[in-house]
Amino acid sequence: MMKHLLYIGNQLSKHGYNKTSIETLGVFLEVEGYEVMFTSDKKNQWSRMLDMIRVTLLKAKKVDYILIDTYSTSSFWYAFFCSQIARIFKVKYVPILRGGDLPNRLKNNPKLCQMVFANAYQNVAPSGYLKQAFENAGFTNVVHIPNSIEIDKYEFKARAELTPKLLWVRAFASIYNPEMAVKVLQQLQEKYPSATLTMVGPDKDGSLQITKAFAESVEVAVNFTGQLAKEDWWKLASEHDIFINTTHFDNTPISVMEAMALGLPVVSTNVGGIPYLVSNNENAILVNDSDVEQMTTAILDLISNKDQSFIMSQNGRRLIEQMDWEIVKQKWFSILQ
């Protein structure tokens, strides 16, 4: 018997934003035979929340499960309202814990979080980090299901000899600390004047212009591509050798997983769910938040150590192969019975 799902999340790629899980996981589930309704693709945040509430009110009684991408900041509110509508209609709902700062939300709004998460059919944590944080807060209905990708779509290129060509892929937002990438390039060019940095992603909060202005002020040339389709940045990745992730907060970023699938050694800040996703010095290198010098040193070590960079490239691919949809989907099937 076909299961009917309502998936609530930020479906915004048509407005020039990166695709989020609603447009990847949702499509995977459709291919597996689930009937999936989606909301919302409204660009304005308030209009989007009202649309989500409207659709939930209209469709709640017509579906078997409601999936809710759940973030930690202002987008938390649509998860709150839609989950409470699901409770009223006695429909099973599943918050998918996307926000890297959700542990602080648990501390700051315990009553609201109890209403959302304690009453959920299941809470799905894409990272061990959030699973542990929720269990520490007393929630027992949490299951770990990692973000997934279709590994066959990623052409692996082993990196045995690295050049100082850096790639950064993320939305430009202050929480992702894009200026750090420019500072790393600036330091790297002291030893490798030909070092380059390509930054891929749409603007989210004005950070793109701030980062461009900062790069100009320190006279560092950066290639800003703007938003690119996945296939385009995958192709671009083959021309780069090191992927850097500079974020202040994180859960399990798909772009980091994709970089590893493509064979790019990853150097990342050790925040949020990142240390739960990768193992330091085994399949990635982790540095402290905002530590430009430490990240630069890690990149220099990779460039000078061919054996380490080759092993890290191989190990990264092996790790992500365990997150292929063909493996991960079985965990979703066990929930959406």
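Nothing here was measured: the structure is a model prediction, and the numbers come from that model.

What counts, and at which threshold
- Residues numbered from 1 in each chain as written.
- Predicted model: local features only at pLDDT ≥ 70, side-chain atom pairs only at ≥ 80, totals over all residues.
- Heavy atoms only, no water.
- Salt bridge = Lys/Arg side-chain N within 4 Å of Asp/Glu carboxyl O.
- Helix = DSSP H or I, 4+ residues; strand = E, 2+ residues; numbered from the N terminus.
- Buried < 20%, exposed > 50% of the residue type's maximum accessible area, 1.4 Å probe, protein only.
- Core = buried A, V, L, I, M, F, W, Y, C linked by side-chain atoms within 4.5 Å.
- Contact = heavy atoms within 4.5 Å.
- Pairing = 2+ DSSP bridges.
- Axes fitted to C-alpha atoms, helices over the stretch in contact; angles between N-to-C directions.
- Phe/Tyr/Trp six-rings, centres within 6.5 Å; stacked < 30°, edge-to-face > 60°.

Colleague: It is not clear to me how the pattern of salt bridges should be interpreted in this structure. Could you clarify?
Modeller: Opposite charge on two side chains lets them pair, provided their charged atoms get close. For the structure on display, the rule yields 12 salt bridges. Residue arginine 98 pairs with aspartate 69 through a salt bridge whose shortest N-O separation is 3.0 Å. Taken as a pair, arginine 98 in the loop between β4 (92-97) and α4 (102-108) and aspartate 69 in strand β3 (residues 65-70) lie far apart in primary sequence, 29 residues in all. Here arginine 98 matches aspartate 69 in class, with each residue buried. Residues glutamate 258 and lysine 230 are paired through a salt bridge, measuring 2.7 Å at the closest nitrogen-oxygen approach. Here glutamate 258 is found in helix α10 (residues 254-261), whereas its partner lysine 230 is found in helix α9 (residues 230-237), with 28 residues between them in sequence. Using a relative accessible area of 2% as the deciding quantity, one classes glutamate 258 as buried. Residues participating in the shared-partner salt-bridge network are Glu32, Glu326 and Lys329.

Colleague: What exactly am I supposed to notice about the nonpolar core here?
Modeller: The nonpolar side chains of a soluble globular protein tend to be buried with one another. Among the nonpolar cores identified, the biggest contains 33 residues, and Leu197, Ile244, Val267 and Ile299 are the most heavily contacted of them. Among the elements of the structure, β7 (165-169), α7 (178-188), β8 (196-200), α8 (207-217), β10 (242-245), β12 (285-287) and α12 (292-304) are those that each provide at least two residues to this core. In this structure isoleucine 299 touches Leu166, Val184, Leu188, Ile242, Ile244 and Val267, once residues within four positions along its chain are discounted. By size, the runner-up hydrophobic cluster in this structure holds 26 residues, among which are Ile151, Met260, Ala261 and Val278.

Colleague: Honestly, the sheet that holds β12 in this entry has me stumped. Any pointers?
Modeller: Paired through backbone hydrogen bonds, the strands of a sheet run either parallel or antiparallel to each other. Read from one edge to the other, the open sheet built from 6 strands follows the order β9-β8-β7-β10-β11-β12, with strand pairing classed as parallel. Bordering the open sheet on either side are β9 (223-226) and β12, each of which pairs with just one other strand. Mean inter-strand twist for the sheet, computed between neighbouring axes without regard to direction, equals 20 degrees. In terms of strand pairing, β7 meets β8 through 5 bridges, oriented parallel. Considered in β8, the bridge of tryptophan 168 is made with methionine 199. Sitting on the sheet, α9 touches β7, β8, β9 and β10, and the angle it makes with β7 is about 160 degrees.

Colleague: Is there a simple way to think about the packing of aromatic side chains in this case?
Modeller: Evaluation of the coordinates by the stated rule reveals 17 aromatic pairs. Ring geometry for tyrosine 34 versus phenylalanine 333: centroids 6.4 Å apart, planes at 35 degrees, classification tilted. In this pair, tyrosine 34 sits in the loop between α1 (25-31) and β2 (35-39) while phenylalanine 333 sits in helix α14 (residues 325-335), placing the two residues 299 residues apart along the sequence. Look at tyrosine 34 and you get buried, because its relative accessible area is 10%.

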